[in-house]
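Fold and contact review
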Amino acid sequence: QVKLHNMKYNIDWINYHLSTISVSSVSAQQQPSDGSSCQGIGSVFACASPPIIFAATHADQIIGREAEVVRSQEAALNRMLCDKQFTRHVYRRPSHCQSTLFQSELFYCIDNTKTYPPTTRYFYGLESEEDERDPELADLRQLVVSKLEKHCTTYLTPVTWLLLEDKVYEIRGMSVNKIIPFEEIVTVGLEKCAMKSRSEVSDALSYLHDFSVVVYFEMCPNLKNVVFIDAPWVYTTLSRLTPVTQ
């Protein structure tokens, strides 16, 4: 029963969160000025970045039920994922890898009664790996691992960037302000971290942004002149704008 008049159903919350991912991502039209690609890992998954892999759990609850029930569930999920703003981010499964339960290319169907990866089967007292392993979960794990292996690269992080990270933590501990001017960070970078230019400071902040140390919007005209030095505080503050009580 819905106890609050503004309660959202599960599918509404899924739509909300997926839409948030889409509107917060870098638009495909906003290519860097140097001509390089901003697709990131999305290009590895052949979809917009960031990629969304949709996994529907509790497939065991509809396995063996009437065909029309299964088809209705599939149709509901397809309607939710198709023709939406975030659809371009959703990974589409190759035809030879589609689920045996659903014929959709948009999502995986996870059987919750099956086991986790084989390395944990003895922990759960399972005697047969092949009988208890969920092929959908196995395909999903293989997809993620294979794609990440192609995307991941090894690179060296400049020491000056790590020095700036230490200074950010130092400033965060000494100051009550969570937002400081970009120019102040530039001064710290040039004078205390041996950085050579403003652009290097900006690159370092983008690096720290990617690792959720700071929140820095270099491409946003209204926010590029400030740096949020406490990323968890930002996330907590924003989460209060859309509270979920149940």
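Fair warning: this is a prediction, and the values are worked out from it, not measured in the lab. (Residues numbered from 1 in each chain as written. Predicted model: local features only at pLDDT ≥ 70, side-chain atom pairs only at ≥ 80, totals over all residues. Heavy atoms only, no water.)

Concerning the nonpolar core
Judged by nonpolar contacts, the single largest core of 21 residues is most densely connected at L164, L205, V214 and V227. Contributing elements (two or more residues each) for this core: α6 (159-174), α7 (182-192) and α8 (198-210). L164 has contacts with I185, V188, G189, C193, M195, V201, A204, L205 and L208, leaving out every residue within four places of it along the chain. Counting residues in each nonpolar core, the second largest holds 13 residues, with F54, M80, L81 and C109 among its members. (Core = buried A, V, L, I, M, F, W, Y, C linked by side-chain atoms within 4.5 Å. Buried < 20%, exposed > 50% of the residue type's maximum accessible area, 1.4 Å probe, protein only. Helix = DSSP H or I, 4+ residues; strand = E, 2+ residues; numbered from the N terminus. Contact = heavy atoms within 4.5 Å.)

Digging into the layout of surface pockets
Any empty space left between the atoms is revealed when a probe the size of a water molecule rolls over them. Size it by volume and the second largest pocket reaches roughly 390 Å³. Considering the residues around the second largest pocket, the lining is formed by 16 residues, among which I14, A56, T57, Q73 and L77 are closest to the centre. Elements with a contribution of two residues or more to the lining of the second largest pocket: α1 (10-24), β1 (54-56) and α3 (67-81). Per-element accounting of the lining of the second largest pocket gives the leading share, four residues, to α3. Each residue belonging to the lining of the second largest pocket can be placed in one class, and the counts come to 11 nonpolar, five polar and no charged. (1 Å grid on protein atoms, 1.4 Å probe; cavity = no way out; pocket = protein on both sides within 12 Å on 5 of 7 lines; lining within 4 Å. Points joined across faces, edges and corners; volume = space filled by probe spheres on them. Nonpolar A, V, L, I, M, F, W, Y, C, P; charged D, E, K, R; others polar.)

Quick word on the pattern of salt bridges
The final tally for this structure, using the stated rule, is three salt bridges. For the salt bridge of D230 with K178, the shortest nitrogen-to-oxygen distance reads 3.2 Å. Residue D230 is found in the loop between β4 (226-228) and α9 (231-239), and its partner K178 is found in the loop between α6 and β3 (179-181); the two are separated by 52 residues along the sequence. Exposure remark for D230: the relative accessible area of 11% places this residue in the buried category. In this structure K178 comes out as partly exposed when scored by relative accessible area, which is 27%. Notably, a salt bridge pairs E183 with R198, separated by 2.8 Å at the nearest N-O pair. A residue pair is termed long-range when its members are at least 10 positions apart, and E183 in helix α7 and R198 in helix α8 qualify at 15 residues. (Salt bridge = Lys/Arg side-chain N within 4 Å of Asp/Glu carboxyl O.)

A closer look at the packing of aromatic side chains
The description of an aromatic ring pair rests on the distance of the ring centres and on the angle between the ring planes. Overall, the coordinates contain four aromatic pairs when judged by the stated rule. A ring pair is formed by W161 and Y207, whose centres lie 5.4 Å apart and whose planes are at 45°; its orientation type is tilted. Placement of the pair is W161 in helix α6 and Y207 in helix α8, with a sequence separation of 46 residues. The residues W161 and Y207 share a single accessibility class, namely buried. With a centroid separation of 4.9 Å and 50° between ring planes, the pair formed by Y207 and F211 is classed as tilted. Aromatic rings pair up to connect W161, Y207 and F211 into one cluster. (Phe/Tyr/Trp six-rings, centres within 6.5 Å; stacked < 30°, edge-to-face > 60°.)

Treat this as a map of the structure, not an account of what it does.
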